[in-house]
Amino acid sequence: QVRLVESGGGLVQAGGSLRLSCVFSGSIDSINSMGWYRQAPGKQRFLVASITSGGSADYADSVKGRFTISVDNAKNTVYLQMNSLKPEDTAVYYCKIRTIRNGYWGQGTQVTVSS
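I will try to describe carefully the structure that is included in this document. (Residues numbered from 1 in each chain as written. Predicted model: local features only at pLDDT ≥ 70, side-chain atom pairs only at ≥ 80, totals over all residues. Heavy atoms only, no water.)

1. Some words on the nonpolar core
We count it as follows: Nonpolar core, defined: a set of buried Ala, Val, Leu, Ile, Met, Phe, Trp, Tyr and Cys residues in which side-chain atoms within 4.5 Å join the residues together. Throughout this description, buried means an accessible area under 20% of the type-specific maximum (1.4 Å probe, protein chains only), exposed means over 50%, and partly exposed covers the range between. Helix and strand assignments follow DSSP, with helices taken as H or I runs no shorter than four residues and strands as E runs no shorter than two, numbered in order from the N terminus.
Counting 27 residues, the largest nonpolar core has Trp 36, Phe 67, Leu 80, Met 82 and Tyr 93 as the members making the most contacts within it. At the level of elements, β3 (18-25), β4 (31-39), β5 (46-52), β7 (67-72), β8 (77-82), β9 (91-99) and β11 (109-114) are the ones that each hand at least two residues to this core.

Below, the structure is given as structure tokens:
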């Protein structure tokens, strides 16, 4: 059974930093990409950052230059380093892994940025 567990969320002041982690386990074949999404109250979930199996990263315009996605394959962990946080970054952040056939989600971790 595939499992994704996010951690690292919390409350931080504007301008601060957080690092989110997503540890994945189980039988996952042929990963195409891994990504972080976020969903604020009353809004749709959208892709914040993604990284392909080849290491190519992409970011939403709203986080470019502030967020960095990375993978530690030895630890089966995807990270999202978030710097210069803004109140509008407040949301539940979800990790997702995409394979040829499936997509797997974590349960989410809350990030709250106070002004």
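2. Quick look at the pattern of salt bridges
To be explicit about the condition: Any carboxyl oxygen of Asp or Glu within 4 Å of a side-chain nitrogen of Lys or Arg constitutes a salt bridge here.
Evaluation of the coordinates by the stated rule reveals three salt bridges. Lys 64 serves as the salt-bridge partner of Asp 61, at 3.2 Å between the closest nitrogen and oxygen. The exposure class of Lys 64 is partly exposed, given its relative accessible area of 48%. Two residues, Arg 66 and Asp 89, come together in a salt bridge whose shortest N-O distance is 2.8 Å. Pair noted here: Arg 66 is in the loop between β6 (57-59) and β7 and Asp 89 is in the loop between β8 and β9, with a separation of 23 residues, a long-range link. The exposure class of Arg 66 is buried, given its relative accessible area of 10%. Owing to a relative accessible area of 0%, Asp 89 belongs among the buried residues under this scheme.

3. A short note on the packing of aromatic side chains
When we look at a pair of aromatic rings, we describe it by the centre distance and by the angle of the planes. Test applied: When two rings of Phe, Tyr or Trp (its six-membered ring) have centres within 6.5 Å they constitute a pair, described as stacked for plane angles under 30 degrees, edge-to-face for angles over 60, and tilted for the intermediate range.
Scanning all chains against the criterion turns up two aromatic pairs. For the pair Tyr 94 and Trp 105, a centre-to-centre distance of 6.3 Å together with 90° between the ring planes defines the contact as edge-to-face. Of this pair, Tyr 94 sits in strand β9 while Trp 105 is found in strand β10 (residues 103-105), placing the two residues eleven residues apart along the sequence. Using a relative accessible area of 13% as the deciding quantity, one classes Tyr 94 as buried. Owing to a relative accessible area of 36%, Trp 105 belongs among the partly exposed residues under this scheme. Aromatic ring contacts, followed pair by pair, group Tyr 37, Tyr 94 and Trp 105 into a single cluster.

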